[in-house]
Amino acid sequence: MNNISNIKALIDDYIKDNIEIEVLCSCCSNIDFDDMSLSFNQLLFKYIDDKHLNEVDIYKKAYIDRKLFSKIRSNINYRPKKKTVVQLIFGLKLNIAEANELLNSAGYYLSHSLKSDLIVEWFIINNNYDLDLLFACLYEYNEKI
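Here is a short report on the structure shown in this document. Starting afresh in each chain, residues are numbered from 1 along the sequence in its written order. With the structure being a predicted model, the display of local features is reserved for residues of pLDDT at least 70 and the display and counting of side-chain atom pairs for 80 or more, all residues being used for whole-chain, interface and lining totals. Side-chain numbers come from the whole structure's heavy atoms, not from hydrogens or water.

**Digging into the overall build of the protein**
This is how it is decided: Working definition: helices are DSSP H or I runs of at least four residues, strands are E runs of at least two. Numbering for both runs from the N terminus. Buried means the residue's accessible area, taken with a 1.4 Å probe over protein chains only, is under 20% of the maximum for its type, while exposed means over 50%, and partly exposed covers the values in between. Contact between two residues is taken to exist if any of their heavy atoms lie within 4.5 Å; hydrogens are not considered.
Helix and strand counts for the protein come out as eight helices and zero strands. Counted from the first residue to the last, the protein has its helices and strands arranged as α-α-α-α-α-α-α-α. Here the protein, with 145 residues, has 42% of them falling under the buried criterion. Contacts spanning at least 24 positions in sequence make up 71% of the contacts within the protein whose residues lie at least 6 apart.

Here's what the structure looks like:
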């Protein structure tokens, strides 16, 4: 638990420095809707192909079962839960720009008015892709994705 305590202190500082109350629809101001040509499915598999990754390794690292991953693969219009997208981001070890692009392709974003999103963002920015540690930290803050 000492590791979680150390990370929690860093996250506390990050939240304090970055939390803000967002005005309705301000979340959409940085999204270029004309540039969103790829579906979530297409963008996910583009990242997998571009990074020369193995699909089985990705869904295992993301703690996603084979059946759900198959559903994502076979249905171009499939819209996953935000938690699933975050798990895939961690499995793929995407940087913050790539993570935001994948989230946006599924209709989500990381909000600076939600502690859970700031915690996820902190992990991504710090290249810490340990899902067990992420979930433990979210639990410590009594937060969910």
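**Let's talk about the environment of Leu133**
Its place among the elements puts Leu133 in helix α8 (residues 131-140). Measuring from C-alpha to C-alpha, the distance between Leu133 and Asn3 comes to 8.8 Å, with 130 residues separating the pair along the chain. For Leu133, the contacting residues outside a window of four places in its chain are Asn3, Ile4, Ile7, Phe123 and Asn128.

**Focus on the side chain of Asn41**
Within the secondary structure layout, Asn41 lies in helix α2 (residues 40-50). Looking at Asn41, the relative accessible area reads 9%, which means it is buried. If near-sequence neighbours (up to four positions away) are discounted, Asn41 is found in contact with Ile72, Arg73, Ser74, Asn75 and Ile76.

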